[in-house]
Every structure is written in C-alpha cells, then in structure tokens.
Amino acid sequence: MERLCKISEPDHMAMELSECKWNSVAKPLKSLGLLEKAVTKIAGITGNAEVKIDKRCTVVMCADNGVVAEGVTQSDSSVTALVAESIANGRANINLVSKSYNIDVIAVDMGMITDVDDERIIIKKTAYGTKNIYYGNAMTLNQAEQAITAGMDIVRELKAKGYDILITGEMGIGNTTTSSALASVILDEPVRNVTGCGAGLDKERLKHKINVIEHAIAVNDPDKTKPIELISKIGGFDIAGMTGLFVGGAVYRIPVVIDGFISAVAAKLACMIVPETVNFMLCSHVSKEPAGRKMLESMGLKAMIDGELCLGEGTGGAMLIPLLDGALSVYHSAHRFDELQMDQYEDYTKC
C-alpha cells in the first residue's frame with residue numbers, strides 16, 4: 001500500500017486546455033453537459049487535452065461469498081464459476097455488450113471457491129471464498145490488503161499494455177448482500193433502506209436477506225472510519241479487488257469507470273482510503289438497487305445513464321463508452337467558431 005503516496009492531483013493545465021477546446025466548438029456552450037465534463041476530467045487524469053480512449057478494457061472481478069449459505073440468493077455459488085468461465089470464453093453478457101463497443105474483457109479470479117481451468121482467467125485468488133459474515137469476519141485484514149493490492153497491480157499491468165480507460169465489473173453470487181451491508185455502515189442508513197432483491201428475490205426472501213445483513217453487522221461491529229478493516233469484516237474479495245482498481249487508477253493515472261451498485265461501493269471505499277481517488281473516476285449509470293444513487297451522491301458524482309440497470313458484470317459501465325465516443329467525435333472533429341467565422345458564445349454561467 002506504499003504506492004498510495006504517489007497519488008497527485010489531476011493536471012489542471014490539461015483540464016483548462018480541454019475546456020478551451022470545448023468552448024471553441026461551434027455549438028452552445030456546455031451543451032453536451034456531463035459528457036463534456038467527463039472528457040475534461042480524462043484530460044486532467046492523463047495530463048493530455050488531446051483525449052483518447054481507443055484501447056479500453058472491462059475488468060470483471062470474480063469471487064464467492066460465504067454468506068450465500070444463509071439463503072440470501074436465488075442461485076448458489078456454483079454460478080460464479082460458470083459465469084466466469086463464460087466470460088473467459090467470450091459468451092457472457094459483458095462480452096456481448098463490450099464487443100459492440102470494441103472493449104476487451106478480462107475475468108479475474110479474486111476468490112472463487114472453484115478453480116476454473118482456463119488460462120484466459122487471471123488468477124489473483126486471495127482465498128477460496130470469504131467466510132460467512134453471519135458468524136464473523138469475511139476475511140483477515142491481511143487478505144483485504146492483499147486483494148486491494150491485486151487490483152492495483154492489474155491497473156499497472158493494463159496501463160503498461162497501453163489501455164486508455166478501464167471499466168469495473170464483478171461476478172460473485174451474494175455480493176449484493178455484502179455490498180448492502182457495507183452501504184448500510186458507510187451511509188449510516190438502516191439495512192432495509194439500502195437492500196434490494198439483487199438477482200431476484202420474493203418479499204419473504206428479501207426480508208430474510210435484510211435480517212441476515214442486520215445480524216452480520218451486529219456480530220462484526222464494523223467501524224466505517226477504518227475502510228480496509230470494514231472490507232475485511234463484511235466485504236468480499238471482488239469488492240476489495242475493485243477497490244484496488246479505483247485506487248490503482250489514481251496511482252497510475254488512468255480513468256476507471258464505476259459500473260453499478262457493487263462497483264460504487266468499491267469506489268466509495270477507495271475514496272475512504274484515499275480521498276483523491278474520486279478525481280480519477282468516471283460514473284456510468286445509476287443502479288436500480290436502492291442505495292445506488294445514494295452511494296454516488298456520497299462521492300459527489302453524477303451518472304450519465306439512468307435506465308434502471310442492474311445486470312452487473314460491468315455492462316452498465318461499458319455502455320458509457322459509446323456516449324464518450326460520440327462526445328469525443330465532436331470534441332476532436334466538429335467545426336470551430338473561427339473556422340465558420342462565427343462569434344464565439346459568451347459564457348454567462350460564471351456571472
């Protein structure tokens with residue numbers, strides 16, 4: 001974790017140049033809204049106003065959660081490995097979405113209970129699943145740090161391969177349970193206010209899920225002022241790994257896209273560890289899960305898509321890419337006011 005000292009501020013000069021470039025485009029000022037801000041944010045992250053996101057990758061963190069034993073999910077833990085293998089084979093939902101937008105996809109075994117015999121899966125296994133948070137800590141503090149570090153290492157490796165932007169994804173049966181537990185503690189909200197049906201539960205099963213989370217929080221007594229310890233008590237290896245992706249984005253200066261609720265929890269944890277990491281994140285969409293919007297608001301972030309998405313795997317994050325591509329087409333190629341011999345619009349928003 002010593003690499004955290006390397007985090008510096010975004011390049012403000014690059015951001016100013018980006019804003020000037022946007023203002024020179026022959027269109028109403030700021031008329032592409034949050035997309036303009038996202039492009040300028042990328043300029044600050046990379047230190048280059050000539051923004052490009054040509055090489056992109058979705059990183060899907062796969063891990064199992066011991067709390068599944070409490071019947072909080074519709075599927076059992078065997079599904080985690082099945083989907084991870086499908087991702088490696090290029091047949092999963094995230095692969096199909098990513099293929100449409102020229103996004104590479106990698107699956108990472110952060111802690112599945114099953115070993116998948118496929119060399120295309122990156123092995124960063126911390127342990128064979130977490131322990132059951134209903135009875136005690138999910139993992140040790142050292143394991144939480146190891147998983148976060150693994151996420152940071154992946155960012156370093158992908159940056160070295162020339163990737164311009166990363167999208168966070170996850171696959172782990174039971175991870176809306178761990179995420180809701182974390183959200184309850186982080187936001188100081190009752191569990192019932194931050195817990196949804198995940199991949200699908202009826203009213204009785206949802207009530208049971210809420211009871212399990214309440215019990216887990218009572219048993220583990222997590223302290224939100226200690227984010228790494230918080231992960232170790234009621235989190236998961238997938239969440240810890242994604243937390244590392246966000247921290248790594250700040251360390252290695254590459255934009256990292258928040259996907260849905262689970263990803264947003266990891267992003268928030270990264271901000272709790274190193275507040276500056278928020279300057280290196282892009283927000284894709286508002287999750288349908290109850291705490292999705294609240295988690296983004298707690299970081300001061302606004303999503304560009306609000307479509308009741310909750311598929312996971314990074315699919316919502318991937319859908320941000322074509323919006324950015326469209327904005328960048330205007331940014332780089334649209335007519336400028338001087339080319340058309342038009343007077344540039346005045347910016348009255350600062351008045």
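Residues numbered from 1 in each chain as written. Predicted model: local features only at pLDDT ≥ 70, side-chain atom pairs only at ≥ 80, totals over all residues. Heavy atoms only, no water.

Some details on the overall build of the protein chain
Stage number 1. Helix and strand content of the protein chain: 14 helices and eight strands.
Stage number 2. The C-alpha atoms of the protein chain give a radius of gyration of 20 Å, which matches the 20 Å a tight globule of 351 residues would have.
Stage number 3. Projected onto its principal axes, the C-alpha positions of the protein chain cover 70 × 45 × 40 Å.
Stage number 4. The proportion of buried residues among the 351 residues of the protein chain is 58%.
Stage number 5. When the accessible area of the protein chain is evaluated, it comes to approximately 14,900 Å², of which 51% is carbon and sulfur surface.
Stage number 6. If the 35 positive side-chain charges of the protein chain are averaged to one point and the 45 negative ones to another, these points end up 1 Å apart. (Helix = DSSP H or I, 4+ residues; strand = E, 2+ residues; numbered from the N terminus. Rg over C-alpha atoms; globule rule 2.2 N^0.38 Å. Buried < 20%, exposed > 50% of the residue type's maximum accessible area, 1.4 Å probe, protein only. Areas by Shrake-Rupley, 256 points an atom, 1.4 Å probe, with all protein chains shown as cover. Lys, Arg positive; Asp, Glu negative; His and termini not counted. Charge placed at Lys NZ, Arg CZ, Asp CG, Glu CD.)

A word on the packing of aromatic side chains
Stage number 1. Scanning all chains against the criterion turns up two aromatic pairs.
Stage number 2. Summarising the aromatic geometry, the rings of Trp 22 and Tyr 331 are spaced 4.9 Å apart at their centres and angled 55 degrees between planes, so their arrangement reads as tilted. One end of the pair, Trp 22, is in helix α1 (residues 12–24); the other, Tyr 331, is in helix α14 (residues 320–333), with 309 residues separating them in the sequence.
Stage number 3. According to the relative accessible area criterion, Tyr 331 is buried, its value standing at 0%. (Phe/Tyr/Trp six-rings, centres within 6.5 Å; stacked < 30°, edge-to-face > 60°.)

Regarding the sheet that holds strand β4 (residues 165–171)
Stage number 1. Spatial strand order, β3-β2-β1-β4-β5-β6: six strands in an open sheet with parallel pairing. Each of the sheet's edge strands pairs with one partner strand only, and the pair in question is β3 (122–123) and β6 (281–283).
Stage number 2. Bridging between strand β5 (residues 256–258) and β6 involves three bridges; their strand directions are parallel. Across the sheet, the residue bridging to Val 256 is Met 281, located in β6.
Stage number 3. Contacts from helix α11 (residues 261–273) reach β4, β5 and β6 within the one sheet, and its direction differs from that of β5 by about 125 degrees. (Pairing = 2+ DSSP bridges. Contact = heavy atoms within 4.5 Å. Axes fitted to C-alpha atoms, helices over the stretch in contact; angles between N-to-C directions.)

A short note on the environment of Leu 323
Stage number 1. Within the secondary structure layout, Leu 323 lies in helix α14.
Stage number 2. Between the C-alpha atom of Leu 323 and that of Gly 47, which follows or precedes it by 276 residues, the distance is 22 Å.
Stage number 3. In contact with Leu 323, other than residues within four places in its own chain, are Leu 35 and Ile 305.

Details of the nonpolar core
Stage number 1. With 78 residues, the main nonpolar core has Val 59, Ile 258, Met 281 and Met 299 as its most contacted residues.
Stage number 2. Setting aside its immediate chain neighbours within four residues, Met 281 contacts Lys 41, Phe 246, Val 256, Ile 258, Ala 267, Ala 270, Cys 271, Met 299 and Leu 301.
Stage number 3. Ala 81, Ala 92, Val 257 and Ile 321 belong to the second-largest nonpolar core, a separate cluster that totals 40 residues. (Core = buried A, V, L, I, M, F, W, Y, C linked by side-chain atoms within 4.5 Å.)

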